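Structure assessment
This is what each chain is made of:
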Amino acid sequence: MRRAVIVSSPLLLRDCPLKVLLLLGHCRFQLSDCGFQCEPGLRIKLWEPLNDTRVKGVTADKRIAGDALLPCKAPCSTETTMNLSRLSQIIFVGICAGSFIWADAIVCPPSTDFNHNGKPDYVLYNGGTRQTAVWYMNNNAFAGGAFGPTLPAGWNVIDVADFNGNGKPDYALFKLSTRQTVIWYLSGITFAGSAHGPALPSGWELVATADFNRDCKPDYVLYNASTRQTAVWYMNNNVFTGGVFGPTLPAGWRLAGVADVNADGRADYLLFNPSTRQSATWYLAGVTFIGGTFGPTIASGYELKGTADFNGDGMPDYVLLNPSTRRTALWYLNNNTFIGAAFGPTLPAGWGLVAP
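Residues numbered from 1 in each chain as written. Predicted model: local features only at pLDDT ≥ 70, side-chain atom pairs only at ≥ 80, totals over all residues. Heavy atoms only, no water.

**What to know about the overall build of the chain**
Looking only at helices and strands, the chain has zero helices and 27 strands in total. Put simply, the chain has 356 residues, and 51% of those count as buried. Intrachain contacts of the chain at a sequence separation of at least 6 include 44% that bridge at least 24 residues. Of the roughly 14,800 Å² of accessible surface on the chain, a fraction of 52% belongs to carbon and sulfur atoms. (Helix = DSSP H or I, 4+ residues; strand = E, 2+ residues; numbered from the N terminus. Buried < 20%, exposed > 50% of the residue type's maximum accessible area, 1.4 Å probe, protein only. Contact = heavy atoms within 4.5 Å. Areas by Shrake-Rupley, 256 points an atom, 1.4 Å probe, with all protein chains shown as cover.)

**So, the environment of Trp-233**
Within the element layout of this structure, Trp-233 appears in strand β17 (residues 229–236). Trp-233 sits in the buried class, given a relative accessible area of 14%. For the pair Trp-233 and Leu-200, spaced 33 residues apart in the sequence, the C-alpha separation amounts to 9.8 Å. Excluding anything up to four places from it in sequence, Trp-233 contacts Pro-198, Ala-199, Leu-200, Pro-201, Asp-219, Tyr-220, Leu-222, Phe-240, Gly-242 and Gly-243.

**Digging into empty space enclosed by the protein**
Empty space among the atoms becomes visible once a probe the size of a water molecule is rolled across them. Summed over all chains, the structure comprises one cavity of 30 Å³ or more. Within this model, the largest cavity holds a volume of roughly 40 Å³. Lining of the largest cavity is provided by Val-261, Leu-270, Thr-281, Thr-307, Pro-316, Tyr-318, Leu-333 and Asn-335. For the lining of the largest cavity, a count of residues per class yields five nonpolar, three polar and no charged. (1 Å grid on protein atoms, 1.4 Å probe; cavity = no way out; pocket = protein on both sides within 12 Å on 5 of 7 lines; lining within 4 Å. Points joined across faces, edges and corners; volume = space filled by probe spheres on them. Nonpolar A, V, L, I, M, F, W, Y, C, P; charged D, E, K, R; others polar.)

**Remarks on unusual backbone geometry**
Look at the link from Ala-355 to Pro-356: it is a cis peptide, with omega at 0°. Along the chain, Pro-356 turns up in the segment after β27 (351–355). Positive phi outside glycine occurs at Asn-237, with the angle close to 65°. Mapped onto the elements of the fold, Asn-237 is located in the loop between β17 and β18 (239–248).

**Some points on the sheet that holds strand β12 (residues 170–175)**
The sheet built from four strands is open, its strands ordered β11-β12-β13-β14 with antiparallel pairing. Edge strands, defined here as strands with exactly one partner in the open sheet, are β11 (156–161) and β14 (190–196). For this sheet, the mean angle separating the axes of adjacent strands, direction not counted, is 30°. Where β11 lies against β12, five bridges are found, and the strand directions are antiparallel. When the sheet's bridge partners are listed, Val-160 is paired in β12 with Tyr-171. (Pairing = 2+ DSSP bridges. Axes fitted to C-alpha atoms, helices over the stretch in contact; angles between N-to-C directions.)

**With respect to the confidence of the model for the chain**
On average, the chain scores 76 in pLDDT, and the residues at 70 or more come to 69%. Scored below 50 in pLDDT, residues 1–107 makes 264 contacts in the model with residues more than four places away or belonging to other chains. (pLDDT = per-residue confidence, 0-100.)

**Section: the nonpolar core**
Phe-212, Val-221, Leu-249, Leu-255, Val-258, Tyr-269 and Leu-271 are the most contacted members of the largest nonpolar core, which has 18 residues in total. Elements with a minimum of two residues in this core: β15 (204–210), β16 (219–224), β17, β19 (254–259), β20 (268–273) and β21 (278–285). It is β21 that contributes the most residues to this core, three residues altogether. Those residues in contact with Leu-271 that sit more than four places away from it in its chain are Leu-249, Pro-250, Trp-253, Arg-254, Leu-255, Ala-256, Gln-278, Ser-279, Ala-280, Trp-282 and Leu-304. (Core = buried A, V, L, I, M, F, W, Y, C linked by side-chain atoms within 4.5 Å.)

**Here we look at the sheet that holds β18**
Taken in spatial order, the four strands make up an open sheet running β15-β16-β17-β18, and their pairing is antiparallel. Edge positions in the sheet fall to β15 and β18, since each has one partner strand and no second. When the angles between neighbouring strand axes are averaged without regard to direction, this sheet yields 25°. With six bridges joining them, β15 and β16 adopt antiparallel strand pairing. Its bridge partner being in β16, Glu-205 is matched across the sheet by Tyr-223.

**Things to note about the pairing of strand β8 (residues 122–126)**
Of all five residues making up β8, five are buried, and the element is well covered by its neighbours. Counting the residues between successive antiparallel strands, the hairpin from β8 to strand β9 (residues 131–138) contains four residues, one of them, Arg-130, with a positive phi of roughly 65°. Pairing analysis gives four bridges linking β8 to β27, with the strands arranged antiparallel. When the sheet's bridge partners are listed, Tyr-125 is paired in β27 with Gly-352.

**Considering the packing of aromatic side chains**
Using the criterion set out here, one finds eleven aromatic pairs in the structure. Ring geometry for Trp-204 against Phe-245: centres 6.1 Å apart, planes inclined by 35°, an arrangement best described as tilted. Of this pair, Trp-204 sits in strand β15 while Phe-245 sits in strand β18, and the two are 41 residues apart along the sequence. Of the residues examined, Trp-204 reaches a relative accessible area of 11% and is grouped as buried. Plain terms: the ring middles of Phe-212 and Tyr-269 are 6.4 Å apart, the flat faces sit at 80° to each other, and that makes the pair edge-to-face. Of the two residues, Phe-212 sits in the loop between β15 and β16 while Tyr-269 sits in strand β20, which places them 57 residues apart along the sequence. (Phe/Tyr/Trp six-rings, centres within 6.5 Å; stacked < 30°, edge-to-face > 60°.)

**Some thoughts on the pairing of strand β13 (residues 180–187)**
The buried fraction of β13 amounts to seven of the eight residues, a majority that puts the element mostly inside the structure. With six bridges joining them, β13 and β14 adopt antiparallel strand pairing. Residue pairing for β14: Trp-184 is matched across the bridge by Ser-194. Count of turn residues in the β13/β14 antiparallel hairpin: two residues, of which Gly-188 carries a positive phi of about 70°.

Here you go:
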C-alpha cells in the first residue's frame, strides 16, 4: 500500500490488515497494529452516509463534522476490525457516538519529517561542497542535525517527498543543463538508491513537489520562466503518468511553496513577490485556479522560502530566511492570516535552506 491516509500518524500505511480503532464521542481513528501512533491535532473530515449500508452500495452522503481539530484520547473504547488490501476514497469505517461514519480526508505525513516525529525538519545544502544536511526541528527549536548525502556536480535538491511509499522522505534532484530529474531514495539521511525520473521539456524547470491528484504520491510542479506558466506532472514513484498545465503566474511573482492552505484537501500555490515582499495564496482545485488572497508582507531583509505546519495546528506556516544574517524565522498562519512568529536557528556560513 502506497497511500498515507487520514488521521493518525506521520508514517505511511503499509500492506497489512487494518484494525480501525475509533473513539466514541471523539471520532478519532488510530491504526495501532500498523505501527501508527496517536498524534494530536490532525485535521479530518467526517461524513455520514445517508444509506447506512456499511460502505457497499452507498450512493449519497452528507457532511456532518466539517474540518475539525479532534482531540487525541486513549484508550479507545470501540473497536471495529476489517481487512482492506486497497484503499479508495472510502477509507475507514466505524461507529462514532452511535452514527456510522467514514472519513474522506487523505492526510500525508510532513514531507520533510526525517525522524518520524510528525514535525517538519530543515533540509540544508552547501553549494561549495555539495553536501546536504538535515536539521531536526521541534517547532522553531533546533533539536539535532545530521549530514546527508553529497550531490553530484551540476545537480540540486529541489524538494523532499516520499516517492517510493516507504514512509521516508526522498530527495527530488534536478540538473538544469540537461533538464533531467532523479529521485534519491533515503533511509533517514542515508542514501539507499536512486532512479531516473522524466526529463523536462526545454524551457521548463522543476520547482516543487506535492500531491495534486490526492493519491498521496508526490507529483512534479514545473515552471516556465519565459511564459510564467506552471504545470503539474503526475508521478507514480519516478514514473511520469500524465501532465496538465496549471495557472500562469503574474509578472514579478514566484512560486515559494505548495501546501493545502485552506484545508480543503487540495494543494495550493504559495506565491512571493521579492520586490514588494508581498505574499499571496492561490487556491487550487487540482490544477485549476479557483481564487486568491494576499497574505502578510514579509519583513525587510527576509525571503519566503517555503511552507510547512510547524506548530501542529493543521495549518501551513511560512518559513523565512534572511540571506545576510542566515537567520530563519517561522510565521504562524491561519489560512492567509498572520497569527504569530518565532525565530528559528541560524544557518552556518555557506549553507542554504532548500526545504521545506
